[in-house]
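Each chain is listed here by its residues.
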Amino acid sequence: PPVVRVSEPREEIPEGSETVLIVEDEEMLRDLLKTFLSGNGYTVLTAQNGEEGLEVFRERGKEISLVLSDMGLPRLGGWEMFQQMKELDGDVKVILASGYFDPNLKMDLVKAGAKDFIQKPYVPDYILRRIREVIDAG
């Protein structure tokens, strides 16, 4: 009789249809994030520094469900950008990414309303899951 292999079910990668703003100064990373987010159904807006991110948010904040931003950005850091976005919209959902998070800074960011943190380098499946969870958490 033929051998039937039962493959491990891969965890479903949640898709979405919302608009996500990616703020990342490294072009390669920005393109990578855009590619896999749009490949999973999201509409993706991008900015390459904090000032540009803020500008996009000012213009299109109503349609943006989530902001995924690097902490270390030129012209306006991720943290400063996040604080200014919060002044424009107190309900803004932001996930901040960094190669290293100081535990004290993390606590300050949570108090300030940051929704989540992602350790770089980016892991696509993990990011997709966290984005879905943060958006769905209301």
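Before any of the text, the structure's been laid out above.
Q: Even after reading the chapter, I still don't get the nonpolar core, so can you show me in this structure?
A: Inside soluble globular proteins, nonpolar side chains tend to come together where they are buried. Counting 22 residues, the largest nonpolar core has Leu-21, Val-67, Met-81, Met-85 and Leu-96 as the members making the most contacts within it. Put simply, the parts of the chain that give this core at least two residues each are strand 1 (19–23), strand 2 (43–47), helix 2 (50–60), strand 3 (64–70), helix 3 (78–88) and strand 4 (94–98). Residues in contact with Met-85, not counting those within four places in the same chain, are Leu-21, Gly-53, Leu-54, Phe-57, Val-67 and Val-92.

Q: It is not clear to me how the sheet that holds strand 1 should be interpreted in this structure. Could you clarify?
A: Strand pairing in a sheet relies on backbone hydrogen bonds, with the paired strands running either antiparallel or parallel. One open sheet accounts for five strands, arranged 2-1-3-4-5; its pairing is parallel. The open sheet has two edge strands, strand 2 and strand 5 (116–119), and neither has a second partner. Strand after strand, the sheet turns through a mean of 20° between neighbouring axes, direction not considered. Note: strand 1 against strand 2, five bridges, orientation parallel. When the bridges of strand 2 are listed, Val-23 appears paired with Ala-47.

Definitions and cut-offs
Residues numbered from 1 in each chain as written. Predicted model: local features only at pLDDT ≥ 70, side-chain atom pairs only at ≥ 80, totals over all residues. Heavy atoms only, no water. Core = buried A, V, L, I, M, F, W, Y, C linked by side-chain atoms within 4.5 Å. Buried < 20%, exposed > 50% of the residue type's maximum accessible area, 1.4 Å probe, protein only. Helix = DSSP H or I, 4+ residues; strand = E, 2+ residues; numbered from the N terminus. Contact = heavy atoms within 4.5 Å. Pairing = 2+ DSSP bridges. Axes fitted to C-alpha atoms, helices over the stretch in contact; angles between N-to-C directions.

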